[in-house]
Amino acid sequence: MTVSDLPALNATLNATAAVLLAIGWMLIRRGRIAQHRAVMIAAFCTSVLFLISYLTYHAQMGSKHFPGTGNIRIVYFTILLTHTVLAATIVPLVLITLSRGLRRNDARHRAIARWTMPLWMYVSVTGVIVYLMLYRLY
């Protein structure tokens, strides 16, 4: 694996995180707390691996410019902007949510998780979309 392979790895890690988030949500809806905890820790670790890989790639390769033209540029940059802003926002939310969950501060965990889960899912899914648009479609 080379540095140029990292965007594909990043998309895979984002997709994996999204699947784990969906599984974690289903587990907690069914009251399976121990399994929910394990899956959410796995989602967190997957996202940490993504962040390490993402920072490594951009430190060595810089940014890639979007080559698409016309209306697709508006679509791409709208997705990229919302993804980027929410990606920065989600980091402290995930850390707080995870901390509250691990300490079994259930009421406070639940209160913030209602916001964290959909935002984290959005960031994970749009990360894959940005990859596809930037590296595969255009």
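Residues numbered from 1 in each chain as written. Predicted model: local features only at pLDDT ≥ 70, side-chain atom pairs only at ≥ 80, totals over all residues. Heavy atoms only, no water.

Caption draft 1: The nonpolar core, seen in detail. Counting 14 residues, the largest nonpolar core has Leu21, Ala43, Ile90, Trp120 and Met121 as its most contacted members. In terms of nonpolar packing, the next biggest core, distinct from the first, is built from six residues, Tyr76, Ile79, Val130 and Leu134 among them. (Core = buried A, V, L, I, M, F, W, Y, C linked by side-chain atoms within 4.5 Å. Buried < 20%, exposed > 50% of the residue type's maximum accessible area, 1.4 Å probe, protein only.)

Caption draft 2: Main features of the packing of aromatic side chains. Within the structure shown, the criterion is met by seven aromatic pairs. When the ring of Phe66 is compared with that of Phe77, the centres are 6.3 Å apart and the planes differ by 85°; the resulting orientation is edge-to-face. Placement of the pair is Phe66 in the loop between helix 2 (33-61) and helix 3 (71-102) and Phe77 in helix 3, with a sequence separation of eleven residues. Classification of Phe77 as partly exposed rests on a relative accessible area of 37%. Measuring from ring centre to ring centre gives 5.0 Å for Tyr76 and Phe77, while their planes differ by 80°; the resulting arrangement is edge-to-face. (Phe/Tyr/Trp six-rings, centres within 6.5 Å; stacked < 30°, edge-to-face > 60°. Helix = DSSP H or I, 4+ residues; strand = E, 2+ residues; numbered from the N terminus.)

Caption draft 3: Spatial organisation of helix 2. In this model, helix 2 (29 residues) spans 41 Å end to end at C-alpha, consistent with the 42 Å of a helix rising 1.5 Å per residue. Every buried residue belonging to helix 2 is among His36, Val39, Met40, Ala43, Thr46, Ser47, Phe50, Ser53 and Tyr57, and all of these are buried. Tucked into the core, helix 2 has its buried residues touching helix 1 (6-29) and helix 4 (106-137). Backbone geometry just downstream of helix 2 places Gly62 in the positive-phi region, at approximately 75°. (Expected span 1.5 Å × (residues − 1). Contact = heavy atoms within 4.5 Å.)

Treat this as a map of the structure, not an account of what it does.
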